[in-house]
Amino acid sequence: MNTLRPELRTIADWIAPGSRVLDLGCGEGTLLAHLRQTRQVDGYGLEIDPAKIVRAIDNGINVIQSDLDVGLAEFADASFDYVIMTQTLQAVHYPDRLLEDMLRVGREGIITFPNFGHWRCRLQLLGGHMPVTASLPHTWYNTPNIHLCTLRDFEELCAEKDFHILERTVADQQHRSSLPMRLWPNLMGEVALYRLRRA
Amino acid sequence: MPDTLPPDSVGLVTPQKMVFDEPLALDCGRTLPSYELVYETYGELNADRSNAVLICHALSGNHHAAGYHSLEDRKPGWWETCIGPGKPIDTDHFHVVCLNNLGGCHGSTGPMSINPETGKPYGPDFPIVTVRDWVRSQARLAERLGIEQWAAVIGGSLGGMQALQWAIDFPERLRHAVVIAAAPKLSAQNIGFNEVARQAIMSDPDFHDGHYYEHHTIPRRGLALARMLGHITYLSDEAMRAKFGRELREGKLSFGFDVEFQVESYLRYQGQSFVEKFDANTYLLMTKALDYFDPAADYDNDLARAVDRARAEFMIMSFTSDWRFAPSRSREIVKALVDSRKPVSYAEIEAHHGHDAFLMPIPDYLATFSAYMTRVREGRP
């Protein structure tokens, strides 16, 4: 999760103080701990890895062991202000269903993912190889990332599902933005951050 | 028998007894005029009395949760795995209290005790006690021990149910509830197994409608059968396969009904040794307490409403191969807590041991438990 840190500030900026937050794939709870400190949020992290759950408990996070591929059926409609999922969308079995579930459970959803449309990915594909980049460091045979997409793909899905995009930011690995990124986000952005709600 | 006591054990311990002369009104409508509770403590109570944890025992447990009563003891207390210096319930930091519940057969008032009204043992006339009754009696013990608020109330199985009931009934008197391998109420299958166990005991000719003390007998066959049945439900298919497979004691089939398979030998041994240390009337009572447990019943069967009163933080744990109280049952508790916006963490521990896993030294389990208890100790979220 070396991409998590730089994203923290943007996500924290999007969150209203005192909100109720559900963090899908919370890992050791870094984001929730940060949000609790800076935004006084209350909520839970969902995680599947036992070692990370122990670390999350250490970090004072309320963590619930869960398999995101099973969905969020246990959580009531509109029971959270935000449902957040950082750098995990591309690793779940049913990203479309999970997105729907996120926006059922949360008033808003915050999603970040590596942009497969970034020029480095395109260039490597043009050279005849699956991309291996800083945001996508795995080789094709050992990657957990099974549902990669570009900004355009993601936004098409949002349109199809009637998700309203409230905000979008693209950034590089260090979470810097630039003019080219703003002009050609799908080509220049390495990481995409979206804030959504149901239309 | 250990030659020397292991360094991570609480060592030699002595049970204590507390006498209660004030009557205790029970859920069944009857009242116990007076009663005694036997308990053990491990670790020092700190000056502000804030480090006490209560351990609640399961069906066949008692107050002897850790340590040894003498150097001759073959086995330590039932939760030695989790209680002791450096263990999840770390006695270097916590003052641990564990009692034998009312209706028990290890020193607390129960069917074997003398009924002051008749001068004879209560036997089958001992009132049926519920989890709520136990929690009420435990709260009185806490008062007598000068413990206004537990740092945590902790239990596995039926013990976990008591921890949950504590959080609902005495919200201000515990900071954390640790509920392990439990369920919010029994399923029809669970009750079915309990009923078979009860029938095994009650249909034993030596049972004498529960008055067997007067006949100087014990319903040995019935109680042993009940325990054998229980044991099967405590283990997973996988654990039994790993432990016994289809191994034969004599190496070949004997075409008879004597013990042939190792698993038969094991179950018979478990049943027979249980008879020596457990009372049949208590077994009946404990299974009833399980069957009756249903904290949501008072709240329109809405568990989320039931736990809404709670002020504690919760740690819920379950084990993948537990089919007696499967992870899905623990998740019902988690869901209710989330729905009523309570602080809760939940871990589903990968384990092949079945329900008994909560007593086993499983590394992921101990690590998760320790991490949570450190949080309890340091008083943070």
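Residues numbered from 1 in each chain as written. Chains lettered and ligands numbered in written order. Predicted model: local features only at pLDDT ≥ 70, side-chain atom pairs only at ≥ 80, totals over all residues. Heavy atoms only, no water.

### Let's talk about the packing of helix 4 (residues 220–234) of chain B against helix 6 (residues 262–277) of chain B
All names here are of chain B.
Line of reasoning, step 1. Between helix 4 and helix 6, the least distance of the axes is 8 Å, while the angle of their chain directions is 125°. Considering their axes alone, helix 4 and helix 6 lie oblique with respect to each other. Crossing hand, helix 4 versus helix 6: right-handed. For the pair helix 4 and helix 6, the contacting residues are Arg220, Leu223, Ala224, Arg227, Met228, His231 and Ile232 in the first and Tyr266, Leu267, Arg268, Gln270, Gly271, Gln272, Phe274, Val275 and Glu276 in the second.
Line of reasoning, step 2. Grouping the constituent residues of the contact of helix 4 with helix 6 by class yields 8 nonpolar, 4 polar and 4 charged. (Axes fitted to C-alpha atoms, helices over the stretch in contact; angles between N-to-C directions. Helix = DSSP H or I, 4+ residues; strand = E, 2+ residues; numbered from the N terminus. Parallel < 35°, antiparallel > 145°, perpendicular 65-115°, else oblique. Left-handed = near helix turned anticlockwise from the far one by under 90°. Contact = heavy atoms within 4.5 Å. Nonpolar A, V, L, I, M, F, W, Y, C, P; charged D, E, K, R; others polar.)

### Overview of the interface of chain B and chain A
Line of reasoning, step 1. The interface of chain B with chain A comprises 23 residues on the first partner and 21 residues on the second.
Line of reasoning, step 2. With both chains or domains summed, chain B and chain A bury close to 1,800 Å², and 48% of this area falls on carbon and sulfur atoms.
Line of reasoning, step 3. The largest contributions to the chain B side of the interface with chain A come from B:Arg331, B:Val338 and B:Arg341, which together make up 28% of the buried area.
Line of reasoning, step 4. Counting every contact that joins chain B to chain A gives 1 salt bridge.
Line of reasoning, step 5. Linking chain B to chain A there are 14 residue pairs in polar contact (both at pLDDT 80 or more).
Line of reasoning, step 6. Of all the secondary-structure elements, those providing two or more residues to the side of chain B that touches chain A are helix 9 (327–339), strand 14 (344–349) and helix 10 (363–378) of chain B.
Line of reasoning, step 7. Its residues assigned to classes, the side of chain B that touches chain A shows 12 nonpolar, 2 polar and 9 charged. (Buried area = accessible area lost by both parts, 1.4 Å probe. Salt bridge = Lys/Arg side-chain N within 4 Å of Asp/Glu carboxyl O. Polar contact = N/O pair within 3.5 Å; in protein donor to acceptor, adjacent residues only side chain to side chain.)

### A word on a negative patch on the surface
Residues and elements named next belong to chain A.
Line of reasoning, step 1. Where like charges cluster on the molecular surface, the negative patch consists of Asp96, Asp153, Glu156 and Glu160.
Line of reasoning, step 2. For the negative patch, the element with the most residues is helix 6 (residues 151–161), which contributes 3 residues.
Line of reasoning, step 3. Note on Asp153: relative accessible area 40%, which makes it partly exposed. (Patch = residues over 30% accessible without salt bridge, like charges linked within 9 Å, V, L, I, M, F, W, Y side chains within 5 Å. Areas by Shrake-Rupley, 256 points an atom, 1.4 Å probe, with all protein chains shown as cover. Lys, Arg positive; Asp, Glu negative; His and termini not counted. Charge placed at Lys NZ, Arg CZ, Asp CG, Glu CD. Buried < 20%, exposed > 50% of the residue type's maximum accessible area, 1.4 Å probe, protein only.)

### Brief notes about the nonpolar core
Line of reasoning, step 1. B:Trp79, B:Ile154, B:Ile180, B:Tyr365 and B:Phe369 are the most contacted members of the largest nonpolar core, which totals 168 residues.
Line of reasoning, step 2. Dropping the residues within four chain positions of it, B:Ile180 is found in contact with B:Trp79, B:Ile154, B:Gly155, B:Gly156, B:Ser157, B:Gly160, B:Met317, B:Phe319, B:Phe358, B:Tyr365 and B:Phe369. (Core = buried A, V, L, I, M, F, W, Y, C linked by side-chain atoms within 4.5 Å.)

### Looking at the layout of surface pockets
Residues and elements named next belong to chain B.
Line of reasoning, step 1. The volume enclosed by the largest pocket comes to roughly 1,400 Å³.
Line of reasoning, step 2. For the largest pocket, the lining is made up of 37 residues, of which Ser60, Lys75, Trp78, Arg227 and Lys277 are closest to its centre.
Line of reasoning, step 3. For the lining of the largest pocket, the secondary structure elements donating two or more residues are helix 4 and helix 6.
Line of reasoning, step 4. Counting residues per element, the lining of the largest pocket draws most heavily on helix 6, at 7 residues.
Line of reasoning, step 5. Here the lining of the largest pocket is composed, by residue class, of 15 nonpolar, 13 polar and 9 charged. (1 Å grid on protein atoms, 1.4 Å probe; cavity = no way out; pocket = protein on both sides within 12 Å on 5 of 7 lines; lining within 4 Å. Points joined across faces, edges and corners; volume = space filled by probe spheres on them.)

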